[in-house]
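This is what each chain is made of:
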Amino acid sequence: MLGFALRLVAKTALSQRYRFAALAGSIALASSLLVVLAVLYLNASSLLAVELSGVPNLVVEPKKTPAGVPVAELSADQVPALKAREHFWRNNIQNAAPVLLAEGNAGGRELRLAGTWFRREVPSENGSYPFGVLEFRGWSYTGEPPGEGMVVLGAAVGIAQPGDAVEIETANSTRTFRVAGVLETGSYWDSYVFLSLEELQQMLGRTDIDLVLVGALIKPRDELAVRAELYGPEALSPEEFEAWYCSPYASAIAYTIAEVVPNSSVRVLRRVTGVQEELLRASSAAFLVLFAVSALVAVFSILSAVRMYVSAKRRELGIQRAIGASEARVAVQLGMEVLAASLLAALLAYPVSGTVAEAISRSVFGVELSSGLELLVLSLAMPPAASLVALFFLRKELSRELVEVLR
Amino acid sequence: MLRRLVATSLRHRARLYLPMVLAVALSLALAGTALTVGESFAYIVEEKMEMYGANVILTEVDEVPAGGVAVELRSAELEGSEVVVAVADVEALLAMNPAWLVRGTGDVLAGAEVAERLGIAPGDRVELAGDERVVAVLESGTEFDSYLVVNGTPGEVDMVLLRTEEPERYRGKGVVLEEMLRAKYAFLEGVESLLAQVSAVTLVTALLGALNLARMDAGTRRREFGILRAMGAGRRTLGWLVLSEYLALALLTGAVALVATLVMSSAVLQATAGTAPVMDAGIPLMLVLFSLLSFLVVGAAYLGELRRQEVAEELRGE
Amino acid sequence: MIELREVVKRYGEVVALDGVSLKVEAGEWVSIMGPSGSGKSTMLHLIAGLDTPTSGSILVAGEEVSAMSAEARAEFRRCRVGMVFQQFHLIPYLTALENVMLAQYIHSIPDEDEALLALERVGMAHRARAEAAKLSGGEQQRVAIARALVNDPGIILADEPTGNLDAGNEAVVLELFRELAEEGRTLLVVTHNAEVAGAGDRVVRIHHGRIENG
């Protein structure tokens, strides 16, 4: 029984290759569109968040006593903890740079000095990760890669040109550096002179740091996050706390950083996160609406492909009905054929949607998509699901007047 | 006669053509919407940038510019510790910086860092220069976190916070904050290019749907064309008939797409930013051109499908 | 066996059958004749349950076909009726054998040996593995008759079964019908070929949707 039904399906597919391939191809392409859109939609927010995360949005500082003295020293050795397995939001940390602040002067002009990492590979669970002030993508650096004995000038410093030598004097020592380049940050940091952290520590005779600049991917705040900020996470119920902790709100990331960096206090740069959140919210709403419309177009395409197939088979189905096949029997047979075509389509949709989604992600965001499983599940499930839905909508076509079909 | 044939055929096939027109129009509208939203996104972004708050901090102040909030900094004793007190019009300060968060209500705002250091919680009463005050806590993510902010008129102006469209004017007189500028452009570019690519992919799919329908239509019209050909109509005549029908459909589609673009972009922009769309003059033109192009492709496929059929076969209706 | 009572069938303004009453006894071979558009095919379709009358009733073996649901009519067709059409209506890409098996599949369980026997009966066993589309008209009609027979129906309804056949094949088909009639099956054959009509027990003439001779 089933054997003969399958034989009919195989026969249809083989003898009407063109029609069957057109059906499978159409379903594959339309499903690919759906899958691409779904994958992009699921990832667009985080991908766009990457575009927005090129500047520091969190600052880690040592906790202070009432007199304003750090409870414990903060050290650059604690920076890798942000990417360590123990840190819940390690994957959202895009960049971090330790900073030691000092005052100094060059040729009688007062200077603000910042000892920091220019570029440093920090180990993480998936290999190493480049951290440092020159890695903030929202900041722009022009000059040569700074090496030993070199400084980088903030855009507003203007005491020398790249290549010039500058003599920098601090309270304890004086040293001559060569200017490697200029860093434009669009913030207070434009008025700083950046030195290598170790060199400034040496000059000052210190081993600690004052703060860590962190760039993290965040999610826009919702009512829960606002409540956590207003009344503190301790005011949330255990379930709410769990939900808050497990969402990458700026405040939740600040909280988890404070957990892995002992005696620290994490400040959210609200003017930055505020803008990031607003933009992400606006774009994801726009994408949701556009995704819905695109999905409509894709479903429509599948509907028309299945309709075309059914209409081409009307006569054949009419014959089966004329010799006594029930509507249900005809529908099952047709369903099996469409299912076969959509399984073939699924096999096509996986590579097609993978390639297209990857290409779009690469050209728009310059990153690879990390959604292999999503892609696989959606590609395999979408074609049969969409075509069966299409068939459901077309069931009326099956009960057309028999006499008309056979005329 | 051609016009009559076309009009009758369109009326008869409304059920078939409607979805075809809708599919192409919808995807064109999607592309149009994506482009319009992309255009308008620049305005949305500009509007959302308000969240950034003050973008100029003037430190050398001759006179307070219009809209600027003047701040006087002095030191005072709070709960036995020395703190920096910032005197300013607090209401104006908070209005200028919408991202700042105030926890609780009080007469003075203790910066988050001050509050943490001194163990002050929102609603606490503190003694400031001999007076008892109720404290709210300010989380600004700026230097203000280390101040105690008190409402008042500054006697001596130490700095002015300013939100301005022309931060360049103040370069050299203070700090210009524009760290989100580059990120903003990268983001905008990302949004626009994503929207454009999504609409391109959608357009291809819609075209495919329309092609399918056209092929189906060609299948159902075999007998009609067979009769016309048996009567001596050449391929050219049939070609004109099909092309005229498709030209009419293309124009209809372009019009539907334009209306749908307006409606959809308004909906998207209303929902996301509460603004009306700003449509580039090129977009309606693009919609009509693409519509013509789509139906030209569909028409060509249609003719291709007809070409494969033999007159005798068509008349037999097999 | 088959009884039509005051059957009317309208298609909008057009009256295809205008109060037709007819009785066909079990085992009888009735030919229905009439010009194009007289309503003879409509009558056959109504009896087969492919369509329903506007008014009146159709009884087959005591059951009222015209009152049945679409599903019940489908069951009626697959269990009681074998249909033969002028255009043969085979599935072109299936083989002759598979076309016959399709009827078995729709009825109950496909049985290749039994299907081959049916083809043998119409002299088509040697072409069993040939695709229907590649058979001649006469061959296709013989396969269609085998398909109609394979489930052993009591009633054969044929709509212009020789309309697309040459004289030689017409004779073959008539011979097959004769055998079916001799087996005691009820045959209703629509035709406008006098020779085919004459082969039956009785000829019913239909004109403008009315029967001219009861």
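Everything quoted here is computed from the prediction, not taken from an experiment.

(A) The arrangement of the overall build of chain B in detail. From N to C terminus, chain B includes nine helices and 10 strands. Taking 20 Å as the expected radius of gyration for a compact globule of 318 residues, we find that chain B reaches 34 Å, considerably beyond that expectation. In terms of overall dimensions, chain B has C-alpha extents of about 110 × 40 × 25 Å along its principal axes. Here chain B, with 318 residues, has 50% of them falling under the buried criterion. Within chain B, contacts between residues separated by at least 24 positions form 80% of all contacts whose residues are at least 6 apart in sequence. Accessible surface, chain B as shown: approximately 14600 Å² in total, 57% of it carbon and sulfur. One finds the centroid of the 27 positive side-chain charges in chain B at a distance of 26 Å from the centroid of its 41 negative side-chain charges.

(B) Structural view of the interface of chain C and chain A. Taken together, the contacts link 27 residues of chain C with 29 residues of chain A. Here chain C is connected to chain A by two salt bridges. A salt bridge links Arg7(A) to Glu98(C), with the shortest nitrogen-to-oxygen separation between them at 3.0 Å. Listing elements by their share of the side of chain C that touches chain A, those giving two or more residues are helix 2 (70-80), strand 6 (81-85) and helix 3 (96-107) of chain C. Top element by residues in the side of chain C that touches chain A is helix 3 of chain C. It accounts for six residues.

(C) Looking closely at the pairing of strand 2 (residues 14-24) of chain C. Residue and element names in this part refer to chain C. Alignment of strand 1 (residues 2-11) against strand 2, held across eight bridges, turns out to be antiparallel. When the bridges of strand 2 are listed, Leu4 appears paired with Leu22. Connecting strand 1 to the antiparallel partner strand 2 that follows it, the hairpin turn spans two residues, and Gly12 within it adopts a positive phi of roughly 65 degrees.

(D) Representation of the nonpolar core within the structure. By size, the foremost hydrophobic cluster in this structure holds 97 residues, and its most contacted members are Trp189(A), Phe41(B), Phe144(B), Val149(B), Leu161(B) and Met180(B). The dominant element in this core, judged by the number of residues it contributes, is helix 2 (residues 17-52) of chain A, at 13 residues. Setting aside its immediate chain neighbours within four residues, Met180(B) contacts Leu52(A), Val55(A), Val272(A), Val275(A), Gln276(A), Met49(B) and Tyr52(B). Leu334(A), Ala341(A), Tyr105(C) and Ala130(C) belong to the second largest nonpolar core, which has 71 residues in total.

(E) The side chain of Arg73(C), seen in detail. All names here are of chain C. For Arg73, the position within the fold is in helix 2. Of the side chains bearing the opposite charge, Asp51 lies closest to the buried Arg73, which forms no salt bridge; the N-O distance is 6.1 Å. Aside from chain neighbours lying at most four places away, what touches Arg73 is Gly49, Leu50, Asp51, Thr52, Val65 and Met68.

(F) Structural detail: empty space enclosed by the protein. Under the definition given, this model contains nine cavities of 30 Å³ or more. Of the pockets and cavities examined, the largest cavity occupies roughly 110 Å³. What lines the largest cavity is a set of 14 residues, among which Ile323(A), Val81(C), Gly82(C), Arg147(C) and Ala148(C) lie closest to the centre. Counting only elements with at least two residues in the lining of the largest cavity, the list comes to helix 2, strand 6 and helix 5 (137-149) of chain C. In terms of residue class, the lining of the largest cavity is built from nine nonpolar, two polar and three charged. Here the second largest cavity defines a volume of roughly 90 Å³. Around the second largest cavity, the lining residues are Leu37(A), Leu40(A), Tyr41(A), Phe287(A), Leu290(A), Phe291(A), Leu194(B), Leu195(B) and Val198(B). For the lining of the second largest cavity, the elements supplying multiple residues, two or more each, are helix 2 and helix 7 (270-312) of chain A together with helix 5 (180-220) of chain B. Among the residues making up the lining of the second largest cavity, the classes are represented as nine nonpolar, no polar and no charged.

(G) Structural view of helix 1 (residues 2-15) of chain A. Compared with the 20 Å implied by 1.5 Å per residue over 14 residues, the 20 Å span of helix 1 of chain A between its first and last C-alpha is a close match. Of the residues making up helix 1 of chain A, those classed as buried are Phe4(A), Ala5(A), Leu8(A), Val9(A), Thr12(A) and Ala13(A).

(H) Spotlight on the sheet that holds strand 5 (residues 63-64) of chain C. All names here are of chain C. With antiparallel pairing, the four strands of this open sheet are ordered in space as 2-1-4-5. Strand pairing shows two members of the sheet lacking a second neighbour, strand 2 and strand 5, which therefore form its edges. On the sheet, helix 1 (residues 40-48) packs against strand 1, strand 2 and strand 4 (55-60) and is oriented at approximately 115 degrees with respect to strand 1.

(I) Spatial organisation of the pairing of strand 5 (residues 127-131) of chain A. Residue and element names in this part refer to chain A. Note: strand 4 (residues 120-124) against strand 5, five bridges, orientation antiparallel. Residue pairing for strand 5: Glu121 is matched across the bridge by Pro130. Adjacent in sequence and paired antiparallel, strand 4 and strand 5 are bridged by two residues.

(J) Main features of the interface of chain B and chain A. Each side of the interface is counted separately: chain B has 68 residues, and chain A has 70 residues. Buried area between chain B and chain A, both sides added, is near 6100 Å², and the carbon and sulfur share of it is 68%. Among the residues chain B hides against chain A, the three largest losses belong to Glu179(B), Phe187(B) and Leu194(B). Together they make up 11% of the total. With its nearest N and O atoms 3.6 Å apart, the salt bridge here joins Lys48(B) to Glu278(A). There are 11 residue pairs in polar contact (both at pLDDT 80 or more) connecting chain B and chain A. Among the elements of the structure, helix 2 (14-48), strand 4 (101-103), helix 4 (112-118), strand 10 (174-176), helix 5 and helix 7 (235-273) of chain B are those that each provide at least two residues to the side of chain B that touches chain A. The biggest single contributor to the side of chain B that touches chain A is helix 5 of chain B, with 22 residues. Looking at the side of chain B that touches chain A, its residues break down into 37 nonpolar, 15 polar and 16 charged.

(K) Highlighting the packing of aromatic side chains. Scanning the entire structure with this criterion turns up 17 aromatic pairs over all chains. Between Phe241(A) and Trp244(A) the ring centres are 5.7 Å apart and the planes differ by 45 degrees, which places this aromatic pair in the tilted class. Of the two residues, Phe241(A) and Trp244(A) are both situated in helix 5 (residues 238-245); the distance of three residues between them amounts to about one turn of the helix. Between Tyr246(B) and Phe295(B), the ring centres sit 5.9 Å apart and the planes meet at 70 degrees, which makes this aromatic pair edge-to-face. Pair noted here: Tyr246(B) is in helix 7 and Phe295(B) is in helix 8 (residues 282-307), with a separation of 49 residues, a long-range link. We classify Phe295(B) as buried; its relative accessible area is 2%. Members of the aromatic cluster, joined through ring pairs, are Phe88(A), Trp89(A), Phe241(A), Trp244(A), Tyr245(A) and Tyr255(A). One residue, Lys83(A), lies across the ring of Tyr129(A), its end atom 4.0 Å from the ring centre.

(L) Summary view of a negative patch on the surface. A contiguous patch of negative charge on the surface is contributed by Glu39(B), Glu189(B), Glu192(B) and Asp280(B). Note on placement: Asp280(B) falls in the loop between helix 7 and helix 8.

(M) Spotlight on the sheet that holds strand 7 (residues 155-159) of chain C. Residues and elements named next belong to chain C. An order of 6-7-8-3-9-10 is seen for the six strands of this open sheet, with the pairing classed as mixed. Sheet topology places strand 6 and strand 10 (210-211) at the edges, where each strand pairs with a single neighbour. Relative to strand 8 (residues 186-190), strand 3 (residues 29-33) runs parallel, the two being bridged by four bridges. Opposite Ile32, over in strand 8, you have Val190 as the bridge partner.

What counts, and where the lines are drawn
- Residues numbered from 1 in each chain as written.
- Chains lettered and ligands numbered in written order.
- Predicted model: local features only at pLDDT ≥ 70, side-chain atom pairs only at ≥ 80, totals over all residues.
- Heavy atoms only, no water.
- Helix = DSSP H or I, 4+ residues; strand = E, 2+ residues; numbered from the N terminus.
- Rg over C-alpha atoms; globule rule 2.2 N^0.38 Å.
- Buried < 20%, exposed > 50% of the residue type's maximum accessible area, 1.4 Å probe, protein only.
- Contact = heavy atoms within 4.5 Å.
- Areas by Shrake-Rupley, 256 points an atom, 1.4 Å probe, with all protein chains shown as cover.
- Lys, Arg positive; Asp, Glu negative; His and termini not counted.
- Charge placed at Lys NZ, Arg CZ, Asp CG, Glu CD.
- Salt bridge = Lys/Arg side-chain N within 4 Å of Asp/Glu carboxyl O.
- Pairing = 2+ DSSP bridges.
- Core = buried A, V, L, I, M, F, W, Y, C linked by side-chain atoms within 4.5 Å.
- 1 Å grid on protein atoms, 1.4 Å probe; cavity = no way out; pocket = protein on both sides within 12 Å on 5 of 7 lines; lining within 4 Å.
- Points joined across faces, edges and corners; volume = space filled by probe spheres on them.
- Nonpolar A, V, L, I, M, F, W, Y, C, P; charged D, E, K, R; others polar.
- Expected span 1.5 Å × (residues − 1).
- Axes fitted to C-alpha atoms, helices over the stretch in contact; angles between N-to-C directions.
- Buried area = accessible area lost by both parts, 1.4 Å probe.
- Polar contact = N/O pair within 3.5 Å; in protein donor to acceptor, adjacent residues only side chain to side chain.
- Phe/Tyr/Trp six-rings, centres within 6.5 Å; stacked < 30°, edge-to-face > 60°.
- Lys NZ or Arg CZ within 6 Å of the ring centre and 35° of its normal.
- Patch = residues over 30% accessible without salt bridge, like charges linked within 9 Å, V, L, I, M, F, W, Y side chains within 5 Å.

Honestly, that's just the spatial picture; any functional story needs more than this.
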